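Residue-level structural notes
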Amino acid sequence: MQIDINQASSYYRQMLLIRRFEEKCMELYSHELIRGFLHLYIGEEAIAVGVMDAAGAEDAVIATYREHGHALARGIPAKAVMAELLGKAEGCSRGRGGSMHIFDAKRRFYGGLAIVAGGLPLAVGMALADRMMKRDRVTICFFGEGAVAEGEFHESLNLAALWRLPILFVCENNGYAMGTALERSESEQNIAKKASAYNISASQVDGMDVFAVAASAKEAIAQIKENSAPVFIECLTYRFRAHSMFDAELYRDKAEVEKWKQKDPLTLLKNQLETAASGSQLDEDALEKEVASVIGEAVAFAKNGTLEEVADLEKFVYSEEVQQ
Amino acid sequence: MQIDINQASSYYRQMLLIRRFEEKCMELYSHELIRGFLHLYIGEEAIAVGVMDAAGAEDAVIATYREHGHALARGIPAKAVMAELLGKAEGCSRGRGGSMHIFDAKRRFYGGLAIVAGGLPLAVGMALADRMMKRDRVTICFFGEGAVAEGEFHESLNLAALWRLPILFVCENNGYAMGTALERSESEQNIAKKASAYNISASQVDGMDVFAVAASAKEAIAQIKENSAPVFIECLTYRFRAHSMFDAELYRDKAEVEKWKQKDPLTLLKNQLETAASGSQLDEDALEKEVASVIGEAVAFAKNGTLEEVADLEKFVYSEEVQQ
Amino acid sequence: MSGTITYREAVRAAIQEAMQNDERVFLMGEDVGRYGGSYAVSKGLLEQFGGERIIDTPLSESGFTGAGIGAALNGMRPIVEIMTVNFSLLALDQIVNTAATMRYMSGGQFNVPLVIRMATGGGNQLGSQHSHSMEGWYAHVPGLKILTPATVQDAYDMLHLALKDPDPVLIFEHALLYNSKGELDKQAVPIAIGKASVHRQGKDISIITYGISLFKSLEAAEILSKEGIEAEVIDLRSLRPLDDETIMASVSKTHRVLIVDEGWKSGSVSAEIMARINEQAFYELDAPMQRVCSIEVPFPYARHLEQAALPQVDKIVTAAQKLMEEL
Amino acid sequence: MSGTITYREAVRAAIQEAMQNDERVFLMGEDVGRYGGSYAVSKGLLEQFGGERIIDTPLSESGFTGAGIGAALNGMRPIVEIMTVNFSLLALDQIVNTAATMRYMSGGQFNVPLVIRMATGGGNQLGSQHSHSMEGWYAHVPGLKILTPATVQDAYDMLHLALKDPDPVLIFEHALLYNSKGELDKQAVPIAIGKASVHRQGKDISIITYGISLFKSLEAAEILSKEGIEAEVIDLRSLRPLDDETIMASVSKTHRVLIVDEGWKSGSVSAEIMARINEQAFYELDAPMQRVCSIEVPFPYARHLEQAALPQVDKIVTAAQKLMEEL
Ligand SMILES: Cc1ncc(C[n+]2csc(CCOP(=O)(O)OP(=O)(O)O)c2C)c(N)n1
Ligand SMILES: Cc1ncc(C[n+]2csc(CCOP(=O)(O)OP(=O)(O)O)c2C)c(N)n1
Ligand SMILES: [Mg+2]
Ligand SMILES: [Mg+2]
């Protein structure tokens, strides 16, 4: 495999940023600066980074409550995300959203949605709008394998395929929905195969391998545009941490976690680079420093942020102006 | 094919009863004795009759709003159904249900449910209860092909397969959901194939051929018991009449309807008998008379029925007695 | 430009004009196209606008309602039709958890200019799964606006108003009103969302109502008038926001209140109106407020039972008479 | 048999005993087994009863709630756990259109002895899709019974009562109560469904409330007492049926009413209670009734905003003081 060192460093830096950002989140959670539910993406970074590399600025992104990684990979500044986690007015959702509801209109980042499978119907509508308006855009919709059992998954895949909509469905199959292992939630455990039952072109990809994910997403987006039809990719991955901050992890054993940690996407990328023909190496120290400084700034920014006025509690329930 | 003349007459009599019963319903509707929505099963009789022949008395049946045929084939007396359609206290649901809500506890007939796909989750629970209590029973769940697009279909098929529940799913594919043709509602139009995506054993059968339906249902029930797992059959059929009494049928052309009428299940049965080795014939006149008399009695019974006291309007909202 | 047409035609005309004037508007729902709409509202529109803008959906209430939200987020002005309010429960998660919250939880970045229309109400002998009046439920939810056109004029105006609104608006059309006839003046300036209408002036009692019950209330008012009781009849028009001002002004004039509402009594719109009058105009009341609502039963099929479950003119008259007897 | 335990433990003990005593009882829901329940209520039960009776379901709220209805119809006594009330909207069609109507539309042939438990309420900074109090909505629906245990004793008793009830019963457990501690007497005769409890006697004002707001109201009552205002505090316990008798008796004693309810104000339980008091005890009122509810916003994440949206002790005190100032 030929690996471009710049590409590799860029991926690595992004994945490292997500990793360190979330490690900082854990710390801040234990200091009670972050509250509510906090779902970490650690272990799954290659997916968001790989897919976002394939996404154009004009494409739309819909994610779940486990979306820090997607937000950062999409280019939302770490400080805006961190300020959000600290509930500050400077946060990307003005402190109203928190960890589960990151939004960014400028980057066409539509959440940050915390009803499992709730984003899929939105993706159908977003893509429908693009098709009706003849815009050359794709809607990228992320969800976990747990979402597959919900009725919304079924309705949305059918609509997307029936109407041949430009959607990239990205299933992040980390094997568990909270404590429920895939084999206890699906009668057919090959999710990509389930997608084929809607006549959607679907494939499985190693979700720990950022190059594989990016390649597959790029191919998928090309295919979507070429065939004007949705494409589905199932990324096989694993979350290294608990489901959220309130999870004793009774449902899986340590050995399994350890086994997967061997496939850490950051380590994998380093190894790929080392064994690649180029033989080049990452400047890990520099990257760590760079990332640490971004995160340091983000935390400082967030801590220095202001609280939204309580008088503005009801602001944004409705739009202020009704255009006539 | 060897055809037993008694079996054939019995099927024919039942299908004829349904056919003539519903023709009478149309008449009574035009006289405004029946009101609300009235969905006729004309053309689809072979399915209910064939499947019910396979069902045991201890099995449970769940149907839709197009369920006169299922009710009659299950043995609910025509007079109890007719009285229900006339809104009388003697009706099988005491006049509270009407055409869409036929119930009969004694015959384990659980409706008569008018939310499309709403019966499927119930079937899952009924079968779960049987399995937990180690009862050797099957739950038979009828629904139209329109229901397949609903999320409940997906959730229920998955649960049934995952938990290996004794359910016979019977999809009555008459090609249309109101005015929506199958090709405009499903990206994959082979419904049986969709069922296979849940690892449910599934097959298509000619829904106009009562022998074929009965054979397939019997085999399915045997298979359910043998494998303790659900089975799915898709019956290909057609409704000869409008969706309900308010339907101008703008969405399909007469030629298509006429083509299907050539496959009328009653005619088909007669032909099968004639070309069968036995060479025996139905005594059509006698059957018509028998059926006419049953329906005549049913109408008289219904017309003579009483109206539930208005004072009892609130009866049955809650159970009267709370056992302690 | 004014004339007598049916409520159904008024809704259709509004959809038609909106689609002609704004390419972002489209209609989506079960059987809105080839079938012509389950209540024939959209008949003819498929032929006029084609299948790209009059979209027949599969039976997937949650899916296509959510798709409406997505399309609205992405610049369109979708009109989603749900056949009957009971089926809307299948889409409720999308409506309440997403459409109503999107603007707020994104800190004002995204709004959802979505219009959802659905048939509501009983009286057609459709039984326990097709007949309820749940608009009051929706009126509980911040982020939504809830309209209940009763007149032909409102059937027309409100669709246009809803399409102009940047936030999700739900329109509840009583199924028994589609055949009703009335005057439509297309040039008239529409009464804004959130404003009630006084349909009949009166000094003795305020009858506050909406939707089909408006007509029952007006009929009752005529009967009461013969007995010398002059009822003021208010059509709320919008259940969220509610027009407190018009309500309180009327209460301050009549000092007696009767609310007529086809929802089940407990937890209905009528309760909220009573609560607000109690809060804002308690000292104006000469007698306890009364309400005529639906009896709390899943609706029965038999006509005599269903009619007994619904608000009726005689019940309104009797309630008003009793209210007038209070000191 | 009496002692101090947590609310969580009380619910768990009740489930455990019911399962021991009746083989028809089982628990089903997302992560009730291996995970131990999202709020750890069912921790340990899988080990005790096995996977056939402690059933982890896939994410399929409509599917498994409907399965609960089916199992109830077929002789079982299922307890369905829905993680959070917001997710229950996905199952609402099954609950409202099927569970609540089955007995009625079958003319009394079938009943649905199903218990549905779910967490409700805000205060945990869970944002706009996890924090609402929608039990009042459910209380609108004939055919359902709605329970809101506030105390440890009720958390235990109500599960038993619900399982004995032949009709669908929904139990709303406020998420912030799971860690609260209280006395549990397993031998005590449970207060029946539909009966309210007077938690504090008082002569000056009736504070009517339920769920977690009970504790805020009791705290407020102590503060008020120091100012010489003696509040009677009523825990409704059941939102459907409502205990009109206890409510009216208290109103007839105090003549002033304050309702505290974590639901959004418009169309909340508080409105229905005001409506009933107006109807049944209007002449007993010395002042307009007041209510402290949640501000009508999808709940925000930031703590200071969320706290501002919720009913709080100081708001209750202020409202009560104002109410006492009225002539
Ligand atoms: C409709 C709904 N039901 C339940 C939940 C609670 N919940 C949050 S995350 C989750 C597991 C989802 O698993 P998966 O889709 O695999 O995503 P992952 O968390 O593994 O990334 C559950 C059950 C929810 N948020 N929404
Ligand atoms: C959830 C829901 N949505 C819509 C309807 C209105 N509706 C009643 S029957 C029907 C078509 C169903 O088609 P199908 O399942 O194929 O059954 P068929 O009528 O052909 O027997 C529709 C849309 C309904 N009853 N329930
Ligand atoms: Mg997962
Ligand atoms: Mg069909």
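Residues numbered from 1 in each chain as written. Chains lettered and ligands numbered in written order. Predicted model: local features only at pLDDT ≥ 70, side-chain atom pairs only at ≥ 80, totals over all residues. Heavy atoms only, no water.

1. Let's talk about the packing of aromatic side chains
Counted only if it meets this: Two aromatic rings from Phe, Tyr or Trp, using only the six-membered ring of Trp, form a pair when their centres are within 6.5 Å; if the ring planes differ by under 30 degrees the pair is stacked, by over 60 it is edge-to-face, and anything between is tilted. A run of DSSP states H or I qualifies as a helix once it reaches four residues; a run of E qualifies as a strand once it reaches two. Both are numbered from the N-terminal end. Under the scheme applied here, a residue whose accessible area is under 20% of the maximum for its type counts as buried, over 50% as exposed, and between as partly exposed, the area being computed with a 1.4 Å probe on protein chains only. By definition, being over a ring means that NZ of Lys or CZ of Arg is both within 6 Å of the ring centre and within 35 degrees of the ring normal.
Under the definition given, this model contains 38 aromatic pairs over all chains. With a centroid separation of 5.4 Å and an interplanar angle of 50°, the aromatic rings of B:Tyr176 and B:Tyr251 are classed as tilted. Linking B:Tyr176 in strand β5 (residues 176–177) with B:Tyr251 in the loop between β8 (231–236) and α9 (254–261), this pair joins segments that are 75 residues apart in sequence. The buried category is assigned to B:Tyr176, whose relative accessible area is 9%. Judged by relative accessible area, which is 8%, B:Tyr251 ranks as buried. It is A:Lys79 that lies over the ring of A:Phe301; its NZ or CZ is 4.9 Å from the centre. A cation sits over an aromatic face here: B:Arg252 above B:Tyr176, 5.8 Å from the ring centre.

2. Focus: the relation of the copies chain D and chain C
For clarity, the threshold we go by: Residues reaching a pLDDT of at least 70 in both copies supply the C-alpha atoms on which the copies are superposed by least squares. Should any heavy atoms of two residues lie within 4.5 Å, those residues are considered in contact.
In the superposition of chain D on chain C (RMSD 0.0 Å, axial shift 0.0 Å), the rotation amounts to 180°. Taken together, the rotation and translation describe the operation of a two-fold axis. Considering only C-alpha atoms, the part of chain D nearest the rotation axis is D:Ala271, at 2.6 Å. When the interface residues of chain D are mapped onto chain C, 100% of them again fall at the interface, so both copies present the same face.

3. Comments concerning the domain arrangement of chain C
All names here are of chain C. Counted only if it meets this: All domain edges in this entry derive from an automatic or database-based domain assignment. When a carboxyl oxygen of Asp or Glu is within 4 Å of a side-chain nitrogen of Lys or Arg, the pair counts as a salt bridge. Identification of polar contacts relies on pairs of N or O atoms within 3.5 Å, with a donor-acceptor requirement for protein atoms, meaning one able to donate a hydrogen and the other able to accept it, and with residues adjacent in sequence counted only if both atoms are side-chain atoms.
Assigned domains of chain C: these are domain 1 (3–184) and domain 2 (197–325). With centres defined by C-alpha atoms, the gap from domain 1 to domain 2 works out at 26 Å. On the side of domain 2, 26 residues touch domain 1, which itself brings 30 residues to the contact. Here domain 1 and domain 2 share 1 salt bridge between them. A salt bridge links Arg 237 to Asp 154; the nearest nitrogen and oxygen atoms lie 2.8 Å apart. Where domain 1 touches domain 2, the interface holds 14 residue pairs in polar contact (both at pLDDT 80 or more). A per-element tally of the side of domain 1 that touches domain 2 places strand β6 (residues 145–147) first, with 3 residues.

4. Some remarks on the pattern of salt bridges
Throughout the structure, instances matching the rule amount to 68 salt bridges over all chains. A salt bridge links C:Asp56 to C:Arg34; the shortest N-O distance between them is 3.0 Å. Taken together, the residues C:Asp56 in strand β3 (residues 54–56) and C:Arg34 in the loop between β2 (25–29) and α2 (45–49) connect sequence positions 22 residues apart. Its salt-bridge partner being D:Glu222, residue D:Arg200 comes within 3.0 Å of it at the nearest N-O pair. Remark: D:Glu222 occurs in helix α9 (residues 213–226) and D:Arg200 occurs in strand β9 (residues 197–200); sequence separation between them is 22 residues. For D:Arg200, a relative accessible area of 13% corresponds to the buried category. Residue class for D:Glu222 comes out partly exposed when judged on its relative accessible area of 42%.

5. Here's the deal with the sheet that holds strand β13 (residues 257–264) of chain D
All names here are of chain D. Under the convention used in this document: Strands qualify as paired when DSSP identifies two bridges or more between them. Axis definition: a line fitted to C-alpha atoms, over the contacting stretch in the case of helices. Angles run 0 to 180 degrees between N-to-C directions.
Read from one edge to the other, the open sheet built from 5 strands follows the order β9-β11-β10-β13-β14, with strand pairing classed as mixed. Each edge of the sheet is formed by a strand with only one pairing partner; in this case those strands are β9 and β14 (290–294). Averaged over all pairs of adjacent strands, the angle between their axes in this sheet comes to 25°, without regard to strand direction. Pairing between strand β10 (residues 205–209) and strand β11 (residues 231–235): 5 bridges, direction parallel. Looking at the pairing, Ser 206 lines up with Glu 232 of β11. Packed on one face of the sheet, helix α11 (residues 269–281) meets β10, β13 and β14 and runs near 150° to β13.

6. Side note on the packing of helix α5 (residues 119–132) of chain A against helix α6 (residues 151–162) of chain A
Residue and element names in this part refer to chain A. Note the cut-off: Should an angle fall under 35 degrees it is taken as roughly parallel, and over 145 as roughly antiparallel, whereas 65 to 115 is taken as roughly perpendicular and any remaining angle as oblique. Each crossing is labelled by how the near helix is turned from the far one, with a counterclockwise turn of less than a right angle marking it left-handed and a clockwise turn marking it right-handed. Under the convention adopted here, Pro, Cys and the residues Ala, Val, Leu, Ile, Met, Phe, Trp and Tyr are nonpolar, Asp, Glu, Lys and Arg are charged, and Gly plus all remaining residues are polar.
The N-to-C vectors of α5 and α6 enclose an angle of 15°; their axes lie 8 Å apart at closest approach. On the basis of the axis angle, α5 is roughly parallel to α6. For α5 against α6, the interelement crossing comes out left-handed. Where α5 abuts α6, its residues Leu 120, Pro 121 and Val 124 lie against Glu 152, Phe 153, Ser 156, Leu 157, Leu 159 and Ala 160. A per-class count over the contact of α5 with α6 returns 7 nonpolar, 1 polar and 1 charged.

7. Structural notes on the coordination of the magnesium ion (ligand 3)
Residue and element names in this part refer to chain A. Inclusion rule: Donor atoms (N, O, S) are those found within 2.8 Å of the metal centre, with the cutoff raised to 3.2 Å for Na, K and Ca; water is not part of the atom list, so apparent gaps in a site can occur.
Each protein donor to the magnesium ion (ligand 3) is listed here as Glu 145 (OE), Asn 174 (OD1) and Tyr 176 (O); together their distances run 2.1 to 2.2 Å. Read from N- to C-terminus, the donor residues coordinating the magnesium ion (ligand 3) fall into the pattern E-x28-N-x1-Y. Of the two residues, Glu 145 is situated in the loop between β3 (139–144) and α6 and Tyr 176 in strand β5 (residues 176–177); the sequence distance between them amounts to 31 residues. Note on Glu 145: relative accessible area 2%, which makes it buried.

8. Some words on the nonpolar core
As a reminder of what qualifies: The term nonpolar core refers to a set of buried residues drawn from Ala, Val, Leu, Ile, Met, Phe, Trp, Tyr and Cys, joined through side-chain atoms within 4.5 Å.
Judged by nonpolar contacts, the single largest core of 380 residues is most densely connected at A:Leu168, B:Leu168, C:Ile277 and D:Ile277. Not counting residues up to four positions away in its chain, the partners in contact with D:Ile277 are D:Ile208, D:Ile247, D:Met248, D:Val251, D:Val257, D:Phe282, D:Leu285 and D:Met289.

9. Focus on the site of ligand 2
Here is the rule: For this description, a residue counts as near a given molecule or strand if any of its non-hydrogen atoms is within 4 Å of it. Note that accessible areas follow from Shrake-Rupley with a 1.4 Å probe, and for residues the cover is restricted to the protein chains shown.
Taken together, 22 residues sit near ligand 2, with B:Arg66, B:Ala114, B:Gly146, B:Asn174 and C:Glu61 positioned nearest. Take B:Arg66: an N or O atom from its side chain is 2.7 Å from an oxygen atom of ligand 2. B:Ala114 places a polar main-chain atom, nitrogen or oxygen, 2.8 Å from a nitrogen atom of ligand 2. Across the complex, the protein chains shield 97% of the 580 Å² of accessible surface that ligand 2 would expose by itself.

10. Observations concerning the interface of chain A and chain C
The cut-off we apply is this: Once two parts are brought into contact, the accessible area they lose, counted with a 1.4 Å probe and summed over both, makes up the buried area.
In this complex, chain A contributes 46 residues to the contact, which on the side of chain C involves 48 residues. Buried area between chain A and chain C, both sides added, is near 3700 Å², and the carbon and sulfur share of it is 63%. Looking at the side of chain A facing chain C, the largest losses of area belong to A:Met132, A:Phe316 and A:Tyr318, adding up to 16% of the total buried there. One can count 1 salt bridge joining chain A with chain C.

11. Some words on the coordination of the magnesium ion (ligand 4)
Residue and element names in this part refer to chain B. In the first shell of the magnesium ion (ligand 4), the protein supplies Glu 145 (OE), Asn 174 (OD1) and Tyr 176 (O), at 2.1 to 2.2 Å from the metal. Ordering the donors of the magnesium ion (ligand 4) by residue number gives the pattern E-x28-N-x1-Y. Tyr 176 matches Asn 174 in its accessibility class, with the two residues each being buried.

12. A short note on the interface of chain D and chain C
Chain D puts 49 residues into the contact, and the matching count from chain C is 49 residues. Three residues, D:Tyr104, D:Trp137 and D:His140, lead the burial of chain D against chain C; their summed loss comes to 17% of the area buried on that side. Inspection of the chain D/chain C interface yields 6 salt bridges. On the surface where chain D and chain C come into contact, there are 21 residue pairs in polar contact (both at pLDDT 80 or more). Broken down by class, the residue content of the side of chain D that touches chain C amounts to 28 nonpolar, 11 polar and 10 charged.

13. Digging into the site of ligand 1
The immediate surroundings of ligand 1 are formed by 22 residues, with A:Arg66, A:Glu145, A:Asn174, A:Tyr176 and D:Glu61 found nearest. Of the chains in the model, those with residues near ligand 1 are chains A and D. Note that an oxygen atom of ligand 1 is positioned 2.8 Å from one of the side-chain N or O atoms of A:Glu145. Within the backbone of A:Tyr176, one N or O atom sits 2.8 Å away from an oxygen atom of ligand 1.

14. Overview of the environment of B:Val148
Structurally, B:Val148 is set in the loop between β3 (139–144) and α6 (151–162). By relative accessible area, which is 0% here, B:Val148 ends up buried. Separated by 115 residues in the primary sequence, B:Val148 and B:Leu33 place their C-alpha atoms 33 Å from one another. Apart from residues lying up to four places away in sequence, B:Val148 is in contact with A:His154, B:Phe143, B:Phe153, B:Cys171, B:Glu186, B:Ile191 and B:Lys194.

15. A word on the confidence of the model for chain C
Here is the rule we go by: The predictor's confidence in any single residue is recorded as pLDDT, a number from 0 to 100.
With 99% of its residues at a pLDDT of at least 70, chain C reaches an overall mean of 97. The ipTM value of the predicted complex is 0.98, and its pTM value is 0.98.

16. Digging into the state of the cysteines
Test applied: Cysteine sulfur atoms are paired as a disulfide whenever they come within 2.5 Å of each other.
One pass over the structure, following the stated rule, counts 0 disulfides over all chains. As a non-bridged cysteine, A:Cys171 has A:Cys235 as the owner of its nearest cysteine sulfur, 7.9 Å distant.

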